[in-house]
Amino acid sequence: MIPTILPTYNRAPLTFTRGEGSWLVADDGQRYLDLAAGIAVNALGHAHPALVAALTEQAGRLWHVSNLYRIPEQERLADLLVDRTFADTVFFTNSGTESCELAVKMARKNWHEQGQPDRTRILAFEGAFHGRSSAAIAAAGSEKMTKGYAPLLPGFTQLGWGDHEALKKAMREADVGAVIVEPVQGEGGIRPLPDACLKGLRDLCDETGVLMILDEVQCGMGRTGRLFAHEWAGIAPDILMVAKGIGGGFPLGAVLATEAAASAMTAGSHGSTYGGNPLACAVGAAVMEIVATEAFLSEVNRKAALLRQGLEGLVASHPKVFESVRGAGLMLGLKCALPNTEVLSAAYAQHLLTVPAADNLIRLLPALNIPDADIAEALTRLERTATALTPT
Ligand SMILES: *Cc1c(COP(=O)(O)O)cnc(C)c1O
């Protein structure tokens, strides 16, 4: 018999009823150290007082009004984002997938309005993850995500990660309107795009007019130690997809864009019932006020160095379990020498939560404000995990 919950997830037999900072408390009272953070969603950990205050204050006043009216909480969050980024304008969504949808629509509408309606094709990369909608799975193109869902939406081409020649050739083809890429691939195995590649891609976009869409749903909002990962390369996209961390656990996403890229999006061209509702935006503004400060981001970088150094040590002392460390900031991957599912389960036994990723990785995506003591505790638990997995 089919379970009452559609069985699209392989769930661990764990039930959490409470969260505090980087800790989750299970229904049996056991505490788990959370390096999953809802897959990079709980950017400030669980039950952060400033977020609880923002949410409850807004909940007592106004939950939802339609986008038929002005929404001050939404305008405030848009101003915070525009002040702090390349963007001139913002549309709020409820998820990363919806941000992908709008990014794709915006790129195509742009070329339509520019009198080049054939520039519909969007280049994407092998290993990419942009969400679960029909457009997002067509963009990613992998067998795993698309099998059985034919016919796939046309208009997407996947290129090999690091295949510069194929990219240069494809970018100059007449029907290409945009390229979409994660500065650090998440699901695809914590693969950071080198700054030089991002710069090179920006140059190619400038030369050809192809719009650059960056998907920072996972790597954005302070995760890599800058507010957005592309800042490390000193470049800016035309369109930026945001979600996950921006709501700190409340469903919220956004598409940020330059005036030029967004100019075709006029009244009636796109919409969302819930996107930008007062509750989500009140929380999003509270997240931005904390995360988008130099003091906070420099702490993220310090904590990231601390964690990374500890992980390098683990790789050195347990080569039969861990092969290498990679990633950026607090978006780190441990490549496993054993099946990553075994390492994940062994870590559960040490009451440590991590996330699997492609290429046999476990992902560490702690809260950006994880206390140093919890980083040390995580390293201790990973050490115990490795010891438990090492044949004697
Ligand atoms: C999670 C994720 C998405 C999809 O976000 P949802 O909120 O699950 O729809 C898109 N892109 C990237 C890079 C992601 O990590």
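As the structure is a computational prediction, the values presented were derived from the model and not from experiment. (Residues numbered from 1 in each chain as written. Predicted model: local features only at pLDDT ≥ 70, side-chain atom pairs only at ≥ 80, totals over all residues. Heavy atoms only, no water.)

A. Layout of the packing of aromatic side chains. A complete count under the given rule lists two aromatic pairs for this structure. For the ring pair Phe16 and Tyr32, a centre distance of 5.4 Å and an interplane angle of 75° mean the geometry is edge-to-face. In this pair, Phe16 sits in strand β1 (residues 16-20) while Tyr32 sits in strand β3 (residues 31-34), placing the two residues 16 residues apart along the sequence. By relative accessible area, which is 29% here, Phe16 ends up partly exposed. (Phe/Tyr/Trp six-rings, centres within 6.5 Å; stacked < 30°, edge-to-face > 60°. Helix = DSSP H or I, 4+ residues; strand = E, 2+ residues; numbered from the N terminus. Buried < 20%, exposed > 50% of the residue type's maximum accessible area, 1.4 Å probe, protein only.)

B. A look at the site of the ligand. Around the ligand sit Ser95, Gly96, Thr97, Phe129, His130, Gly131, Glu182, Asp215, Val217, Gln218 and Lys244, and that is every residue in its neighbourhood. Contact between the ligand and Thr97: an oxygen atom at 2.5 Å from a side-chain N or O atom of the residue. Within the contact set of the ligand, an oxygen atom lies 2.6 Å away from a side-chain nitrogen or oxygen of Lys244. Class assignment for the residues of the shell around the ligand results in two nonpolar, six polar and three charged. (Near = heavy atom within 4 Å. Polar contact = N/O pair within 3.5 Å; in protein donor to acceptor, adjacent residues only side chain to side chain. Nonpolar A, V, L, I, M, F, W, Y, C, P; charged D, E, K, R; others polar.)

C. Structural context of the packing of helix α7 (residues 164-171) against helix α8 (residues 195-208). In contact at an axis separation of 10 Å, α7 and α8 are set at 20° when each is read in the N-to-C sense. Our classification of the angle between α7 and α8 gives roughly parallel. As for the relative orientation of α7 and α8, their crossing is right-handed in sense. Listed contacts from α8 to His164, Leu167, Lys168 and Met171 of α7 are Cys197, Leu201, Leu204, Cys205 and Thr208. For the contact of α7 with α8, a count of residues per class yields six nonpolar, two polar and one charged. (Axes fitted to C-alpha atoms, helices over the stretch in contact; angles between N-to-C directions. Parallel < 35°, antiparallel > 145°, perpendicular 65-115°, else oblique. Left-handed = near helix turned anticlockwise from the far one by under 90°. Contact = heavy atoms within 4.5 Å.)

D. Focus on the pairing of strand β10 (residues 211-215). Buried residues dominate β10, accounting for five of its five residues. Of the two faces of β10, the one lined by Leu211, Ile213 and Asp215 and the one lined by Met212 and Leu214 are each fully buried. Where strand β7 (residues 176-181) lies against β10, four bridges are found, and the strand directions are parallel. Across the sheet, residue Ile180 finds its bridge partner in β10, namely Ile213. Where β10 lies against strand β11 (residues 239-242), three bridges are found, and the strand directions are parallel. Within the sheet, the bridge partner assigned to Asp215 lies in β11 and is Met241. (Pairing = 2+ DSSP bridges.)

E. Structural detail: the domain arrangement of the protein chain. Domain annotation of the protein chain identifies domain 1 (16-34 + 294-389) and domain 2 (50-291). On a C-alpha basis, the centroid separation for the pair domain 1 and domain 2 is 27 Å. Taken together, the contact pairs 20 residues of domain 1 with 22 residues of domain 2. Summed over both partners, the interface of domain 1 with domain 2 comes to about 1,600 Å²; 60% of that surface belongs to carbon and sulfur atoms. On the surface where domain 1 and domain 2 come into contact, there are two salt bridges. Close ionic contact of Glu187 with Arg363 constitutes a salt bridge, the shortest N to O distance being 2.9 Å. (Domains from an automatic or database assignment. Buried area = accessible area lost by both parts, 1.4 Å probe. Salt bridge = Lys/Arg side-chain N within 4 Å of Asp/Glu carboxyl O.)

F. Region of interest: the nonpolar core. Formed by 80 residues in total, the largest nonpolar core has its most connected members in Phe92, Met171, Leu256, Leu311, Phe322, Leu334 and Leu382. When residues in this core are grouped by element, the largest group, eight residues, is from helix α11 (residues 294-317). Counting only domains with at least three residues in this core, you end up with domain 1 (16-34 + 294-389) and domain 2 (50-291). If sequence neighbours within four positions are ignored, Met171 has contacts with Leu123, Val179, Leu201, Leu204, Cys205, Thr208 and Val210. Counting 26 residues, the second-largest nonpolar core is a separate cluster that includes Phe156, Leu211, Ala257 and Ala262. (Core = buried A, V, L, I, M, F, W, Y, C linked by side-chain atoms within 4.5 Å.)

G. Geometry of the side chain of Gln58. With respect to the element layout, Gln58 can be found in helix α2 (residues 49-59). By relative accessible area, Gln58 is classed as buried at 1%. Not counting residues up to four positions away in its chain, the partners in contact with Gln58 are Trp63, Glu73, Pro278, Leu279 and Ala282.

H. Quick look at the environment of Ala378. Within the secondary structure, Ala378 is located in helix α13 (residues 372-389). Note on Ala378: relative accessible area 0%, which makes it buried. Ala378 sits 19 residues away from Asp359 along the chain, and the two C-alpha atoms are 22 Å apart.

I. The arrangement of α2 in detail. Among all positions in α2, only Leu51, Ala54 and Gln58 are buried. Looking down the long axis of α2, one finds its buried residues gathered within 65° of arc, a one-sided arrangement. Tucked into the core, α2 has its buried residues touching α3 (72-84) and α10 (278-291). (Arc of directions from axis to C-beta.)

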